[in-house]
Amino acid sequence: METLKAFIRPPPPCFDYKTAVHAETRSTVAAVHPELMDLVQGGSLVLVQKRRFGPVPEWRRWFVEPESIWVLGTSHLSEKSAADVERVVRAIRPDNVVVELCRSRAGIMYASADDQNAPLLNSNMFSLSGSRFFGAISRSINLGGQSALALRLLLAVFSSKITSGSNRTFGDEFRAARKAAEEVGSQLVLGDRPIEITLERAWNSLNWNEKLRLVTLLFRGITSPSLGNKEGDFEIEEKGSDPFELYEQLSSTYPSLLQPLIHERDTYLAWSLKRSKAVNNCKTVVGVIGKGHMNGVVYALMADQGDLRFRDLAGRTSKESWVKSLIKGLIRDTIIAVVLWALYEQLQTAF
């Protein structure tokens, strides 16, 4: 597997985003947006100003970074988070609103909360969104490969089962961000790395023993009548829990997943907030991200030394010999056939 060409710097254990920018955020909010002070006090809203950013790389001197970036941490299943997003966007009226979604999951922002016909299209972070289900599958294979698709389908069903106990639908804060951005005339920006690439890198970071354990764990979770007890290698939270916890638990059980699932995406989100083409030469940006990403994203905004390029953050795997590729392809096709069958069976029952 090809590694990233530049080193992704995770936050050191001593870094706390609240401490790093709290005083500056508090003073600014007190002066211009006192109605948002409760969010600052709760640690869900922070401000990172341009003078705190790392240096702009020499090869990108033409780029003008935003003057200020507001980062709002949300819970993906919280009604309050959706209301907080609307409050922040309407108060700040930014040039851009960057959301923790990629093109493959952008449909979440437009999905109706009452739509029960296609639960996998709008129900969780692994959703296969698009006008047609098999069109979404084709796009997923093209970007991430067959293994990433199989893992995504398993995680989609598994995550749906975890969140089925909640009275809230997944992604209300993203729908609120779209609505508020349209109201104030902000540009909406998809800020997350394509999930297909993330899952491809996650799958390839595991050895074969870990892959087998992970697939077995997910199948057990999908077919188990209850998620309240310990399944496989980690404690599965009760239904209705925030799906970000699934990433955290997987990364704890399989440490090699921490880099592709968390650290690389934190850096990608930070890149989208301050150095993507969409935010060039604008004054204010609001980022709407899961609260679990706050520490890593704020650190990446401040610690970046200008040595990362977009292709480093969206790194792909290198080509293999045709023999090895054929053998892996046969294994993948078998796994995918089993996964699609299991998915079909699961869709016959209501979560």
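This text goes with the structure placed above it.
Note that this is a predicted model, so its numbers are computed, not measured.

With that out of the way, let us pick up the overall build of the protein. Across its full length, the protein carries 14 helices and seven strands. Sequence-distant contacts, at least 24 apart, represent 80% of the contacts inside the protein between residues at least 6 apart. For the protein, the accessible area works out to roughly 15,800 Å², and carbon and sulfur atoms hold 53% of it.

Turning next to the packing of aromatic side chains. Scanning the entire structure with this criterion turns up two aromatic pairs. A ring pair is formed by Phe 15 and Tyr 299, whose centres lie 5.1 Å apart and whose planes are at 70 degrees; its orientation type is edge-to-face. Placement of Phe 15 in the segment before α1 (17–32) and of Tyr 299 in helix α12 (residues 294–303) is noted, with a sequence separation of 284 residues between them. Comparing Phe 15 with Tyr 299, the two get one shared label, buried. For the pair Trp 62 and Phe 63, a centre-to-centre distance of 5.6 Å together with 75 degrees between the ring planes defines the contact as edge-to-face. Exposure remark for Trp 62: the relative accessible area of 51% places this residue in the exposed category. In this structure Phe 63 comes out as buried when scored by relative accessible area, which is 4%.

Okay, the nonpolar core next. Core analysis: the largest hydrophobic core is formed by 30 residues, its most contacted members being Leu 45, Val 88, Val 99 and Val 288. The set of elements that each furnish at least two residues to this core consists of α2 (37–41), β1 (45–49), β2 (68–74), α3 (79–92), β3 (96–99), α7 (172–184) and β7 (284–290). It is α7 that contributes the most residues to this core, six residues altogether. In this structure Leu 45 touches Thr 25, Leu 36, Leu 39, Val 40, Trp 70, Val 71, Leu 72 and Val 88, once residues within four positions along its chain are discounted. Among the nonpolar cores identified, the runner-up in size contains 26 residues, and Ala 270, Ile 289, Val 298 and Met 302 belong to it.

Next up on the list: the side chain of Arg 175. Looking at the element boundaries, Arg 175 is found in helix α7. Among the residues examined, Arg 175 registers a relative accessible area of 13% and is labelled buried. Looking at Arg 175, its side chain comes within polar contact range of the side chain of Asp 172, at 2.6 Å. Sequence-distant contacts of Arg 175, that is, excluding residues within four places in its chain, are made with Ile 108, Met 109, Ala 111, Thr 169 and Phe 170.

Note that Glu 264 resides in helix α11 (residues 258–274). We classify Glu 264 as buried; its relative accessible area is 3%. Within polar-contact distance, the side chain of Glu 264 engages the side chain of Arg 201 at 3.0 Å.

Attention now goes to the sheet that holds β3. Spatial strand order, β1-β2-β7-β3-β4: five strands in an open sheet with mixed pairing. Of all the strands in the sheet, just β1 and β4 (187–190) have a single pairing partner and so form its edges. Ignoring strand direction, the axes of neighbouring strands in this sheet form an average angle of 20 degrees. As paired strands, β2 and β7 are joined by seven bridges and run parallel to one another.

This part covers the pattern of salt bridges. Inspection of every chain in the model, using the stated rule, returns 16 salt bridges. For Arg 51, the salt bridge goes to Glu 24, with nearest N and O atoms at 2.3 Å. Of this pair, Arg 51 sits in the loop between β1 and β2 while Glu 24 sits in helix α1, and the two are 27 residues apart along the sequence. Under the relative-accessibility criterion, Arg 51 is labelled exposed at 63%. A relative accessible area of 12% places Glu 24 in the buried class. Here Arg 90 ties to Glu 86 by a salt bridge, and the two come within 3.2 Å at their closest N and O atoms. In this pair, Arg 90 and Glu 86 are both assigned in helix α3, four residues apart and thus about one turn of the helix distant. On the accessibility criterion, Arg 90 (37% relative accessible area) is partly exposed. A network of salt bridges, in which partner residues are shared, links Asp 38, Lys 80, Asp 84 and Arg 87.

The buried fraction of helix α8 (residues 195–204) is high, at nine of 10 residues. Where α8 is concerned, the buried positions are Ile 195, Glu 196, Ile 197, Thr 198, Leu 199, Glu 200, Arg 201, Ala 202 and Trp 203.

The backbone of Arg 93 sits at a positive phi, close to 50 degrees, despite the residue not being glycine. Relative to the assigned elements, Arg 93 resides in the loop between α3 and β3. Among the residues examined, Arg 93 registers a relative accessible area of 52% and is labelled exposed. Despite not being glycine, Asn 281 shows a phi value in the positive range, around 65 degrees. For Asn 281, a relative accessible area of 57% corresponds to the exposed category.

Right, let's talk about the pairing of β1 for a bit. Within β1, four of the five residues are buried, which leaves the element mostly enclosed by the surrounding structure. Pairing of β1 with β2 involves five bridges; the strand directions are antiparallel. Each bridged residue has a counterpart across the sheet, and for Leu 47 the counterpart in β2 is Trp 70.

Reading the values: the criteria
Residues numbered from 1 in each chain as written. Predicted model: local features only at pLDDT ≥ 70, side-chain atom pairs only at ≥ 80, totals over all residues. Heavy atoms only, no water. Helix = DSSP H or I, 4+ residues; strand = E, 2+ residues; numbered from the N terminus. Contact = heavy atoms within 4.5 Å. Areas by Shrake-Rupley, 256 points an atom, 1.4 Å probe, with all protein chains shown as cover. Phe/Tyr/Trp six-rings, centres within 6.5 Å; stacked < 30°, edge-to-face > 60°. Buried < 20%, exposed > 50% of the residue type's maximum accessible area, 1.4 Å probe, protein only. Core = buried A, V, L, I, M, F, W, Y, C linked by side-chain atoms within 4.5 Å. Polar contact = N/O pair within 3.5 Å; in protein donor to acceptor, adjacent residues only side chain to side chain. Pairing = 2+ DSSP bridges. Axes fitted to C-alpha atoms, helices over the stretch in contact; angles between N-to-C directions. Salt bridge = Lys/Arg side-chain N within 4 Å of Asp/Glu carboxyl O.

These figures come from the coordinates and say nothing about function on their own.
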